[in-house]
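Spelled out from the first residue to the last, the chains are:
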Amino acid sequence: MAKRLSKKISKLEKKADQLRKQAEKKGKELQSATSHKIDDLTKEDKGSKKGLIALLLAAGAAAVAVVLKKKRDQELDEALWEEPRSI
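Anyway, here's the lowdown on the structure attached to this text. Remember, it's a predicted structure, so these values are computed and weren't measured experimentally.

## Quick look at the pattern of salt bridges
- Scanning the model with the defined rule gives 5 salt bridges in all.
- Note that Asp17 and Arg20 form a salt bridge whose closest N and O atoms lie 2.4 Å from each other. Here Asp17 and its partner Arg20 are both found in helix 1 (residues 2-44), 3 residues apart, which amounts to about one turn of the helix.
- Residue classification places Asp17 among the partly exposed positions, given a relative accessible area of 28%.
- The exposure class assigned to Arg20 is partly exposed, which follows from its relative accessible area of 25%.
- Between Arg20 and Glu24 there is a salt bridge whose closest N-O contact spans 3.1 Å. Taken together, the positions of Arg20 and Glu24, both in helix 1 and 4 residues apart, correspond to about one turn of that helix.
- A residue is classified by how much of its surface remains accessible, and Glu24, at 39% relative accessible area, is partly exposed.
- In this structure, a network of salt bridges that share partners links the residues Asp17, Arg20, Lys21 and Glu24.

As structure tokens, this is what we get:
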């Protein structure tokens, strides 16, 4: 039984690691895209509200990455504490 639990935990850890990598990759992509957009907008027009919008997008991208990481952590915690079901 302990061997089965160990295998389940191992699978869950692998899945959690994959989700973490996906979240980090998506966060980096969003941050990079936002950074490029900020650079473009600041070069075009310094007096407009576009820079503020780009800054808000960057903050949103960071928030998405944090939320995805917390969700992954929560799912892993729930899976580890879940009672084993008979098959």
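Structure's up, so let's keep going.
## Section: a positive patch on the surface
- On the surface, Lys3, Arg4, Lys7, Lys8, Lys11 and Lys14 cluster together into a positively charged patch.
- Considering the arrangement of structural elements, one finds Lys8 in helix 1.

## Considering a nonpolar patch on the surface
- On the surface, Met1, Leu5, Ile9, Leu80 and Trp81 cluster together into a nonpolar patch covering about 580 Å² of accessible area.
- Listing elements by their share of the nonpolar patch, those giving two or more residues are helix 1 and helix 2 (50-81).
- Inspection of the secondary structure puts Leu5 in helix 1.
- In this structure Leu5 comes out as partly exposed when scored by relative accessible area, which is 34%.

Conventions adopted
- Residues numbered from 1 in each chain as written.
- Predicted model: local features only at pLDDT ≥ 70, side-chain atom pairs only at ≥ 80, totals over all residues.
- Heavy atoms only, no water.
- Salt bridge = Lys/Arg side-chain N within 4 Å of Asp/Glu carboxyl O.
- Helix = DSSP H or I, 4+ residues; strand = E, 2+ residues; numbered from the N terminus.
- Buried < 20%, exposed > 50% of the residue type's maximum accessible area, 1.4 Å probe, protein only.
- Patch = residues over 30% accessible without salt bridge, like charges linked within 9 Å, V, L, I, M, F, W, Y side chains within 5 Å.
- Areas by Shrake-Rupley, 256 points an atom, 1.4 Å probe, with all protein chains shown as cover.
- Lys, Arg positive; Asp, Glu negative; His and termini not counted.
- Charge placed at Lys NZ, Arg CZ, Asp CG, Glu CD.

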